[in-house]
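Letter by letter, the chains look like this.
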Amino acid sequence: QVQLVESGGGLVQAGGSLRLSCAASGRTFGNYGMGWFRQAPGKEREFVAAISRSGAIYYAESVKGRFAMSRDNAKSTVSLQMNSLKPEDTAVYYCGARLWVTPTRVGDPEYWGKGTQVTVSS
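In this text, all values refer to a predicted model and were calculated from it rather than measured experimentally.

K.L.:
Explanation requested: the environment of G30 in the structure shown.
P.N.:
Within the element layout of this structure, G30 appears in the loop between β3 (18-24) and β4 (32-39). Those residues in contact with G30 that lie beyond four places of it in its chain are R53, R71 and N73.

Written out as C-alpha cells, the structure is:
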C-alpha cells in the first residue's frame, strides 16, 4: 500500500512558476514509476509527466519545455517544477504511482493522491 500526498498548489499569474511535490509512504518507493496528471473543470483527467524507476522522464506535448519532473528516492518524493504557466494549466494536479511501471496513461496508476489545485490567472 502506498499513500501519496501532494502539496505546492496555489494561485499564480500567467507566466509565473509553481513547484508541486508529492510525498509517498512506504519503504519501496524506488520500485514505483511515478506520474503527474491533471484534471480541469469539465474535462477528463490527462497525463502531464512521468518518471521511471531509473529516472527516464516523459512529458505531455502541452508542457514540454515548461515543466520539469524529478524524483528523490531517499526522500520518497517527486516534484514538478512548472514554469511559464498559462491559464490553460489551471487544474487539480494528481500524483500517481504504479509498481514497476512508468504511468503515462490515466489508467496506469495503482495509487493516487487527493490532488492539489493550481489556478493560473490571465
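Still more to cover.
K.L.:
Explanation requested: the side chain of E6 in the structure shown.
P.N.:
Within the secondary structure, E6 sits in strand β1 (residues 4-7). Despite being buried, E6 has no salt bridge partner; R45 is the closest side chain of opposite charge, sitting 7.4 Å away. Within the local environment of E6, its side chain forms a polar contact with the backbone nitrogen of C95, the two atoms lying 2.8 Å apart. In this structure the side chain of E6 is engaged in a polar contact, spanning 3.1 Å, whose partner is the backbone nitrogen of K114. Discounting residues that sit within four places of it in the chain, E6 has contacts with S21, C22, W36, Y93, Y94, C95, G113, K114, G115 and T116.

K.L.:
Just to check I follow, could you spell out unusual backbone geometry for this structure?
P.N.:
Among all residues save glycine, negative phi is the norm, and among peptide bonds the norm is trans. At S76, a position not held by glycine, the phi torsion is positive, near 55 degrees. If you trace the backbone, S76 turns up in the loop between β7 (67-72) and β8 (77-82). A positive phi is found at S84, a non-glycine position, where the angle reads about 50 degrees. Turning to its location among the elements, S84 is positioned in the loop between β8 and β9 (91-99). The exposure class assigned to S84 is partly exposed, which follows from its relative accessible area of 40%.

K.L.:
Help me understand the state of the cysteines in this model?
P.N.:
A disulfide bridge is the covalent bond that connects two cysteines by way of their sulfur atoms. All told, the structure shown has 1 disulfide when counted by the stated rule. Disulfide pairing places C22 opposite C95 at an S-S distance of 2.2 Å. Of note, the bridge from C22 to C95 carries an S-S torsion of about -80 degrees and is left-handed in sense. Taken together, the residues span a long stretch of sequence, with C22 in strand β3 and C95 in strand β9 at a distance of 73 residues. What makes C22 buried here is its relative accessible area of 1%.

Parameters at a glance
- Residues numbered from 1 in each chain as written.
- Predicted model: local features only at pLDDT ≥ 70, side-chain atom pairs only at ≥ 80, totals over all residues.
- Heavy atoms only, no water.
- Helix = DSSP H or I, 4+ residues; strand = E, 2+ residues; numbered from the N terminus.
- Contact = heavy atoms within 4.5 Å.
- Buried < 20%, exposed > 50% of the residue type's maximum accessible area, 1.4 Å probe, protein only.
- Lys, Arg positive; Asp, Glu negative; His and termini not counted.
- Salt bridge = Lys/Arg side-chain N within 4 Å of Asp/Glu carboxyl O.
- Polar contact = N/O pair within 3.5 Å; in protein donor to acceptor, adjacent residues only side chain to side chain.
- Disulfide = S-S within 2.5 Å.

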